[in-house]
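The residues making up each chain are set out below.
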Amino acid sequence: MAQERVQLDPQKFAEQFLNTLNIDVQPKEQNLESAAKQALAAYLSAYFLAERFNSTENSFFVDKDNKGIKSSYQRILSELNDY
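Residues numbered from 1 in each chain as written. Predicted model: local features only at pLDDT ≥ 70, side-chain atom pairs only at ≥ 80, totals over all residues. Heavy atoms only, no water.

**What to know about the overall build of the protein**
- A count of helical and extended segments in the protein gives 3 helices and 0 strands.
- Tracing the protein from N to C terminus, the helices and strands come up as α-α-α.
- Contacts in the protein between residues at least 24 apart in sequence constitute 64% of all its contacts with a sequence separation of at least 6.
- Only carbon and sulfur atoms are counted for the fraction: they give 53% of the accessible area of the protein, which is about 6700 Å². (Helix = DSSP H or I, 4+ residues; strand = E, 2+ residues; numbered from the N terminus. Contact = heavy atoms within 4.5 Å. Areas by Shrake-Rupley, 256 points an atom, 1.4 Å probe, with all protein chains shown as cover.)

Structure (structure tokens):
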């Protein structure tokens, strides 16, 4: 378990995020371009957030010194697995 990494699919994450938003488009009352920009901004924000998370997750587990335990998080997990 200490070696498992969480990886998000940025596209799926962004799509799911966009589906949870309540962007109500009323063509007669609202500018469609404005609604599209709002949806696009939300999608891209979620997409790049997921990519940043994946990058952070990858760098969190990098063992720069090749000495085994790669982070305090992994050390704690390793100690918990001994029980």
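**Quick word on the packing of aromatic side chains**
- Here the structure, examined in full by the defined rule, presents 2 aromatic pairs.
- Measuring from ring centre to ring centre gives 6.3 Å for Tyr43 and Tyr47, while their planes differ by 25°; the resulting arrangement is stacked. With Tyr43 and Tyr47 both in helix 2 (residues 32–60), this residue pair falls 4 residues apart, about one helical turn.
- A ring pair is formed by Tyr47 and Phe48, whose centres lie 5.4 Å apart and whose planes are at 80°; its orientation type is edge-to-face. (Phe/Tyr/Trp six-rings, centres within 6.5 Å; stacked < 30°, edge-to-face > 60°.)

**With respect to the confidence of the model for the protein**
- On average, residues of the protein score 76 in pLDDT, and 58% of them reach the 70 mark or higher.
- Summarising per-element confidence for the protein, the mean pLDDT is lowest in helix 3 (residues 72–81) (64) and highest in helix 1 (residues 10–20) (94). (pLDDT = per-residue confidence, 0-100.)

**Brief notes about the side chain of Asn54**
- Relative to the assigned elements, Asn54 resides in helix 2.
- Within polar-contact distance, the side chain of Asn54 engages the backbone oxygen of Leu8 at 2.7 Å. (Polar contact = N/O pair within 3.5 Å; in protein donor to acceptor, adjacent residues only side chain to side chain.)

**Here's the deal with a nonpolar patch on the surface**
- A contiguous nonpolar surface patch, about 520 Å² in accessible area, is contributed by Val6, Leu8, Phe13, Phe17, Leu21, Leu49 and Phe53.
- By the element assignment, Leu8 lies in the segment before helix 1. (Patch = residues over 30% accessible without salt bridge, like charges linked within 9 Å, V, L, I, M, F, W, Y side chains within 5 Å. Salt bridge = Lys/Arg side-chain N within 4 Å of Asp/Glu carboxyl O.)

**Some points on the environment of Leu49**
- When you line up the elements, Leu49 lands in helix 2.
- Of the residues examined, Leu49 reaches a relative accessible area of 42% and is grouped as partly exposed.
- Sequence separation between Leu49 and Ala14 is 35 residues; the distance between their C-alpha atoms is 8.9 Å. (Buried < 20%, exposed > 50% of the residue type's maximum accessible area, 1.4 Å probe, protein only.)

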